[in-house]
Amino acid sequence: MLATRTLEDLSVDALAEQAGISRGLLFHYFKNKQDFHQAVVQRAADDLLARTRPDKSRAPAARLALSLEHYVDYVLANRQSYISLVRGAAGCDAVLLEIFERTRAVMTSRVTDDLEVFGVADTPTVRLLARGWTALVEESVLSWVADPQLPKQELLRVLTASLPALLATD
């Protein structure tokens, strides 16, 4: 519901009904709709980070490819929660923006932790480009989920290949 409508457009009764709880129980755990929305977005962020955690037993290139595949699979399976996470950052809620920024920072650090595999030094420019690549992946995957004109494996191949190409521009 939060992915398709603004929080202001949703009644507490509708939120409670969708969650399968009473209005009173919702207010028992949350002071207001904003606190509830923040909890939903935090849960989506935590779930995304857990599902895309790199497998340190794999080589760095394989870690990246597998994490990226898990990311796409997460967005496919949890599109509405993911949209709520991303769209929450576009609103005026400072807490939602902070959750989104922390999530993006973790996703970016997973890339910068393995820079040696791309043959580039850890510089401010490379870190900036890695963050930009993370945003590129977010937007590309959301666009692809809405209109999957490429096979999933082609999407993964293009996104994985774009990182070393981008980092090589430094």
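Scroll up for the structure.
A brief structural summary. Per chain, residue numbering runs from 1 following the sequence as it is written. Confidence filtering applies because this is a predicted model: local features only for residues at pLDDT of at least 70, side-chain atom pairs given and counted only at 80 or more, and all residues used for totals across whole chains, interfaces and linings. Hydrogens and water are ignored here; the side-chain numbers use all heavy atoms of the structure.

**Considering the overall build of the chain**
Here comes step 1: Helices and strands together make up the secondary structure of the chain, namely eight helices and zero strands.
Here comes step 2: Here the chain, with 170 residues, has 38% of them falling under the buried criterion.
Here comes step 3: Contacts between residues were defined by any pair of non-hydrogen atoms, one from each residue, lying within 4.5 Å. In the chain, 63% of the contacts between residues at least 6 apart in sequence involve partners at least 24 apart.
Here comes step 4: Total accessible area on the chain stands at roughly 9,300 Å², and carbon and sulfur atoms take up 56% of it. Think of it this way: any DSSP run of H or I at least four residues long counts as a helix, any run of E at least two long counts as a strand, and we number them from the N terminus. Buried residues are those whose accessible area, probed at 1.4 Å on protein chains only, stays under 20% of the maximum for their type, while exposed residues exceed 50% and partly exposed ones sit between those limits. Reported accessibility uses the Shrake-Rupley method at a 1.4 Å probe radius. Residues are deemed covered only where the shown protein chains occlude them.

**Topic: the pattern of salt bridges**
Here comes step 1: Only one rule defines a salt bridge in this text: a Lys or Arg side-chain nitrogen within 4 Å of an Asp or Glu carboxyl oxygen. On inspection of all chains with the given rule, the structure shows ten salt bridges.
Here comes step 2: As a salt-bridge pair, Asp 55 and Arg 58 come within 3.4 Å of each other at their nearest N and O atoms.
Here comes step 3: Residue classification places Asp 55 among the partly exposed residues on the basis of a relative accessible area of 31%.
Here comes step 4: A relative accessible area of 40% means that Arg 58 is categorised as partly exposed.
Here comes step 5: Here Asp 114 makes a salt bridge to Arg 63, at a shortest N to O gap of 2.6 Å. Here the residue Asp 114 occupies a position in the loop between helix H6 (94-112) and helix H7 (124-146), and Arg 63 occupies one in helix H4 (residues 60-77), the gap between them amounting to 51 residues. Of the two residues examined, Asp 114 and Arg 63, each falls in the buried class.

**Some remarks on the packing of aromatic side chains**
Here comes step 1: Ring pairs are drawn from Phe, Tyr and Trp, using the six-membered ring of Trp, whenever the two centres fall within 6.5 Å, and their geometry is named by plane angle: stacked under 30 degrees, edge-to-face over 60, tilted for the rest. Tallied over the entire structure, the rule returns one aromatic pair.
Here comes step 2: Consider the rings of Tyr 71 and Tyr 82, whose centres lie 5.8 Å apart with planes at 90 degrees: the pair is edge-to-face. Separated by eleven residues along the polypeptide, Tyr 71 in helix H4 and Tyr 82 in helix H5 (residues 79-90) bring together distant segments of the chain.
Here comes step 3: What makes Tyr 71 buried here is its relative accessible area of 4%.

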